[in-house]
Amino acid sequence: MFILHIDSGVEMRGGQWQALYLMRGLVATGHEVRLLAPSGSPLIEQSLRDGMDARPLSIAALGSATSGINLIHAHDARAHTLALLGGKKVVVSRRVAFPVRRGVGSRWKYGRAAHYIAESQCVRQTLIDAGIAPDRITVVYDGVPLPTAAPKSESRSGVVALDSDDPGKGGNIVEQAAAIAKISVRFSKSLTDDLRRAAVFVYITDLEGLGSAALLAMAAGAAVVASRVGGLPEIVEDGVTGLLTSNDPQSVARNIQRLLGDPAFAARLSAAARVRVEKEFTIERMLNETVHVYERMLR
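Residues numbered from 1 in each chain as written. Predicted model: local features only at pLDDT ≥ 70, side-chain atom pairs only at ≥ 80, totals over all residues. Heavy atoms only, no water.

**Student:** Looking at this structure, I do not really get the packing of helix 7 (residues 171-181) against helix 10 (residues 249-261). What am I missing?
**Tutor:** To characterise two packed helices, one gives the angle between the axes of the helices and the distance between these axes. Contact geometry of helix 7 with helix 10 gives a least axis separation of 8 Å together with a crossing angle of 60°. Taken together, the axes of helix 7 and helix 10 lie oblique to each other. Between helix 7 and helix 10 lies a crossing whose hand is right-handed. Residue-level contacts link I173, Q176, A177, I180 and A181 of helix 7 to P249, Q250, V252, A253 and Q257 of helix 10. Residue classes in the contact of helix 7 with helix 10 are distributed as seven nonpolar, three polar and no charged. (Axes fitted to C-alpha atoms, helices over the stretch in contact; angles between N-to-C directions. Helix = DSSP H or I, 4+ residues; strand = E, 2+ residues; numbered from the N terminus. Parallel < 35°, antiparallel > 145°, perpendicular 65-115°, else oblique. Left-handed = near helix turned anticlockwise from the far one by under 90°. Contact = heavy atoms within 4.5 Å. Nonpolar A, V, L, I, M, F, W, Y, C, P; charged D, E, K, R; others polar.)

Written as structure tokens, this is what we have:
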């Protein structure tokens, strides 16, 4: 298969990482890929370093970019709109849990894609609520890398949270919780590095399609405290693979203190979380299930 991927993001966030993991996997398994993404974006720069056919995103670029391809995979909302102009079947990844707009333009847009890949059951339901037939939606959970030599729980220390400019990511709540718990929190822009030795990862958000940052922490061996919103309860089972919390500083502080105060309990949660990621949230599984969607659409 030859798949054109379109992504309009200018930052390297969860959706861009998933697109990169997917494209790398497709290439490694003998498929061809082409990418349209904003010039200078982290995704296009990394794809070029990987040796992929990656081109600056524009409406004018669509004509030549669709030459020879079998299918277009749009990875975000703007990419969805542009992909519909490409004259090929379009598969759309939906990674957000907020409701689909109900205007005339939105109904046209969502009615024309061949299929939707929802990153969680929560996201799938938002699409169904928007009038999209269930048989046009497939849930494919995100996949994350599995560190091969994560440090043991007893050698871990500190609390890490995501450093994000997004006001919906709960940075202020985490700061207030840290003050209540009388601890320090490291706000990280490099989770892959910082989670390797963190004891606890705190992920507070207003709404979340799934939560690939929480999956990274689970894979890396950090115990997770996450908001009880959106798709997060689909990956963080409260008291089994992490702790779920309401989005108030007192509740967040109590959950952090519970993990820091009971290392054995935190170790059990992190071990169970790692096993769950190995079974359900690998890049290989994400790749295979996405390819199955492509194959169904091309038949």
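**Student:** Explain the side chain of R276 here, please?
**Tutor:** Secondary-structure assignment places R276 in helix 11 (residues 263-280). A polar contact is formed between the side chain of R276 and the backbone oxygen of I235, at a distance of 3.1 Å. Apart from the residues lying within four places of it in its own chain, the contact partners of R276 are E234, I235, V236, E237, T241 and F281. (Polar contact = N/O pair within 3.5 Å; in protein donor to acceptor, adjacent residues only side chain to side chain.)

**Student:** Explain the nonpolar core to me, please; I cannot follow it from the model alone.
**Tutor:** Soluble globular proteins tend to bury their nonpolar side chains together. Residues I6 and F201 are the most contacted members of the largest nonpolar core, which totals 54 residues. It is helix 9 (residues 212-220) that provides the largest number of residues to this core, a total of seven residues. Membership of the second largest hydrophobic core comes to 24 residues, among which are I3, L22, I117 and V293. (Core = buried A, V, L, I, M, F, W, Y, C linked by side-chain atoms within 4.5 Å. Buried < 20%, exposed > 50% of the residue type's maximum accessible area, 1.4 Å probe, protein only.)

**Student:** Where do I start with the sheet that holds strand 12 (residues 243-245) in this structure?
**Tutor:** Sheet architecture is open: five strands sit in the order 9-8-10-11-12, paired in parallel fashion. Looking at strand neighbours, the two that pair on one side only are strand 9 (185-188) and strand 12, the edges of this open sheet. Looking at each pair of strands side by side, their axes are set apart by 25° on average, direction ignored. Strand direction decides the pairing type here: strand 10 (residues 200-203) and strand 11 (residues 223-227), joined by four bridges, are parallel. Counterpart to Y203 in the pairing with strand 11 is A226. Together, strand 8 (159-162), strand 10, strand 11 and strand 12 form the strand contacts of helix 10, whose direction differs from that of strand 12 by roughly 165°. (Pairing = 2+ DSSP bridges.)

**Student:** Just to check I follow, could you spell out the packing of helix 1 (residues 14-28) against helix 2 (residues 42-49) for this structure?
**Tutor:** Relative to each other, helix 1 and helix 2 sit at 20°, their axes nearing to 10 Å. By the angle between their axes, helix 1 is roughly parallel relative to helix 2. The element helix 1 and its partner helix 2 pack so that their crossing is right-handed. The segment helix 1 lies against helix 2, with Q16, A19, L20, M23 and R24 engaging L43, Q46 and S47.

**Student:** What am I meant to see in unusual backbone geometry here?
**Tutor:** Note: most residues except glycine have negative phi, and most peptide bonds are trans. For K182, which is not a glycine, the phi torsion comes out positive at approximately 60°. Considering the arrangement of structural elements, one finds K182 in the loop between helix 7 and strand 9.

**Student:** Is there a simple way to think about the packing of aromatic side chains in this case?
**Tutor:** Each aromatic ring pair is summarised here by two numbers: the centre-to-centre distance and the angle between the ring planes. Under the definition given, this model contains four aromatic pairs. Judged by centre distance (5.3 Å) and plane angle (70°), the rings of Y141 and F281 are edge-to-face. Taken as a pair, Y141 in the loop between strand 7 (137-139) and strand 8 and F281 in the loop between helix 11 and helix 12 (283-298) lie far apart in primary sequence, 140 residues in all. Here the two residues Y141 and F281 agree in accessibility, since each one is buried. When the centroid spacing of 5.9 Å and the interplanar angle of 20° are considered together, the rings of F201 and Y203 count as stacked. (Phe/Tyr/Trp six-rings, centres within 6.5 Å; stacked < 30°, edge-to-face > 60°.)

**Student:** Whenever I open this one, the pattern of salt bridges confuses me. Can you help?
**Tutor:** A pair can form between side chains of opposite charge whenever their charged atoms are brought close. Following the criterion strictly, the structure yields 13 salt bridges and no others. Of the charged contacts, one joins R34 and D53 as a salt bridge, the two residues approaching to 2.7 Å between their closest N and O atoms. Of this pair, R34 sits in strand 2 (residues 32-37) while D53 is found in strand 3 (residues 53-56), placing the two residues 19 residues apart along the sequence. R276 is paired through a salt bridge with E280; the nearest N and O atoms lie 3.3 Å apart. Taken together, the residues span about one helical turn, with R276 and E280 both in helix 11 at a distance of four residues. A residue is classified by how much of its surface remains accessible, and E280, at 27% relative accessible area, is partly exposed. When salt bridges with common partners are traced through the structure, they connect R34, D53 and R55 into a single cluster. (Salt bridge = Lys/Arg side-chain N within 4 Å of Asp/Glu carboxyl O.)

**Student:** Honestly, the sheet that holds strand 3 in this entry has me stumped. Any pointers?
**Tutor:** Each strand in a sheet pairs with its neighbour through backbone hydrogen bonds, running either in the same direction (parallel) or in the opposite one (antiparallel). Across the sheet, which stays open at both edges, the seven strands sit in the order 3-2-1-4-5-6-7 with parallel pairing between neighbours. Both outer strands of the open sheet, strand 3 and strand 7, are each paired with one neighbouring strand and no more. Pairwise comparison of adjacent strand axes, ignoring direction, gives a mean angle of 20° for this sheet. Where strand 6 (residues 115-118) and strand 7 come together, three bridges link them in parallel fashion. Each bridged residue has a counterpart across the sheet, and for I117 the counterpart in strand 7 is T138.

**Student:** What am I meant to see in helix 11 here?
**Tutor:** Each α-helix winds once per 3.6 residues, and so residues spaced three or four apart point in a common direction. The terminal C-alpha atoms of helix 11 lie 25 Å apart, and with 18 residues this matches the ideal 26 Å at 1.5 Å per residue to within 8%. Among the residues of helix 11, F265, A266, L269, S270, A273, R274, R276 and V277 are the ones counted as buried. Against the buried residues of helix 11 lie helix 9, strand 11, strand 12 and helix 10. (Expected span 1.5 Å × (residues − 1).)

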